[in-house]
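Structure at a glance
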Amino acid sequence: MIVILIVFACLKGCSGSKSDTATCDEIGEYSLKAETEEQRIDILHSFGIENAKLTECDEITIPEDFNSVTEKYNEIQNQTGLDLSPYKGQKAQRFTYSVEAENASCAVLLVSSGRLIGG
């Protein structure tokens, strides 16, 4: 019974909570506040992304039904303390940044109600 409660608390903390922070094993705790450009840049800095330039902002809809690709993407999100599952079928803003990094040319942040929900 205790194990079930602990698992439920962990799942609730990752997906249903409106906490202002999330935790990623790689970087520790980071802010989910993403209402302003400064807050979004701070999130990118938390992940070691410097010199990001906003190139596009558009509205997307999180798929209602996750296919295998979306499920795999969400598994990656879970590793950073995020979960897109509660946002299925909902609209979100997608902020795309150009970056100069060894392993990436862009970074994407998904934001709903001023809060980071994916990226």
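The structure we're discussing is the one just above.
Residue numbers restart at each chain and count upward from 1, following the sequence in its written direction. Restriction of local features to residues with pLDDT of at least 70 applies here, the model being predicted, together with a cutoff of 80 or more for giving and counting side-chain atom pairs; totals for whole chains, interfaces and linings are based on all residues. Computation of side-chain values covers all heavy atoms of the structure but excludes hydrogens and water.

**A word on the nonpolar core**
Rule in force here: Within this scheme, the nonpolar core is defined by two criteria: the residues are buried Ala, Val, Leu, Ile, Met, Phe, Trp, Tyr or Cys, and they are joined through side-chain atoms within 4.5 Å. Note on exposure labels: buried denotes an accessible area under 20% of the residue type's maximum, exposed denotes more than 50%, and partly exposed covers the range between, all computed with a 1.4 Å probe on protein chains only. Secondary structure counts use DSSP, requiring at least four H or I residues in a row for a helix and at least two E residues in a row for a strand, with both numbered from the N terminus.
Counting 17 residues, the largest nonpolar core has Tyr30, Leu44, Tyr97, Leu109 and Leu116 as its most contacted members. Within the residue set of this core, elements represented by two or more residues are β1 (21-24), α2 (37-46), β4 (91-98) and β5 (106-112). Counting residues in hydrophobic clusters, the runner-up holds 8 residues, among them Phe66, Leu84, Ala92 and Leu110.

**Notes on the side chain of serine 112**
Filter applied, for reference: The contact rule is simple, with two residues in contact once any of their heavy atoms fall within 4.5 Å.
Residue placement: serine 112 occurs in strand β5. If sequence neighbours within four positions are ignored, serine 112 has contacts with Tyr87, Lys91 and Ile117.

**Focus on the sheet that holds strand β3 (residues 53-61)**
To be explicit about the condition: Following DSSP output, two strands are said to pair if at least two bridges run between them. Here the axes come from fitting lines to C-alpha atoms, over the contacting stretch only for helices, and the angles between their N-to-C directions go from 0 to 180 degrees.
Spatial strand order, β3-β4-β5-β6: 4 strands in an open sheet with antiparallel pairing. Of all the strands in the sheet, just β3 and β6 (115-118) have a single pairing partner and so form its edges. Going across the sheet, the axis of each strand differs from the next one's by a mean of 35°, ignoring polarity.

**Examining the pairing of β5**
The two faces of a sheet get side chains in turn, since along a regular strand they alternate between them. Of all 7 residues making up β5, 5 are buried, and the element is well covered by its neighbours. With 6 bridges connecting them, β4 and β5 associate as antiparallel partners. For tyrosine 97, the partnering residue across the bridge sits in β5 and is alanine 107. Counted between consecutive antiparallel strands, the loop separating β5 from β6 contains 2 residues, among which serine 113 sits at a positive phi close to 50°.

**Thoughts on the pairing of β1**
Here β1 shows one buried face, formed by Ala22 and Cys24, and one open face, formed by Thr21 and Thr23. Relative to strand β2 (residues 28-31), β1 runs antiparallel, the two sharing 4 bridges. Within β2, the residue paired with threonine 23 across the bridge is glutamate 29. Connecting the antiparallel pair β1 and β2 is a turn made up of 3 residues.

**A look at the side chain of asparagine 74**
Keep this limit in mind: In protein, a polar contact requires one atom able to donate a hydrogen and another able to accept it; more generally it is a pair of N or O atoms within 3.5 Å, and residues adjacent in sequence count only if both atoms are side-chain atoms.
Inspection of the secondary structure assignment puts asparagine 74 in helix α3 (residues 68-79). Polar contacts involving the side chain of asparagine 74 include one to the side chain of aspartate 83, which spans 2.8 Å. Sequence-distant contacts of asparagine 74, defined by excluding residues within four places in its chain, comprise Phe66, Asp83, Leu84 and Ser85.

None of the figures reported here should be taken as evidence of function without further support.
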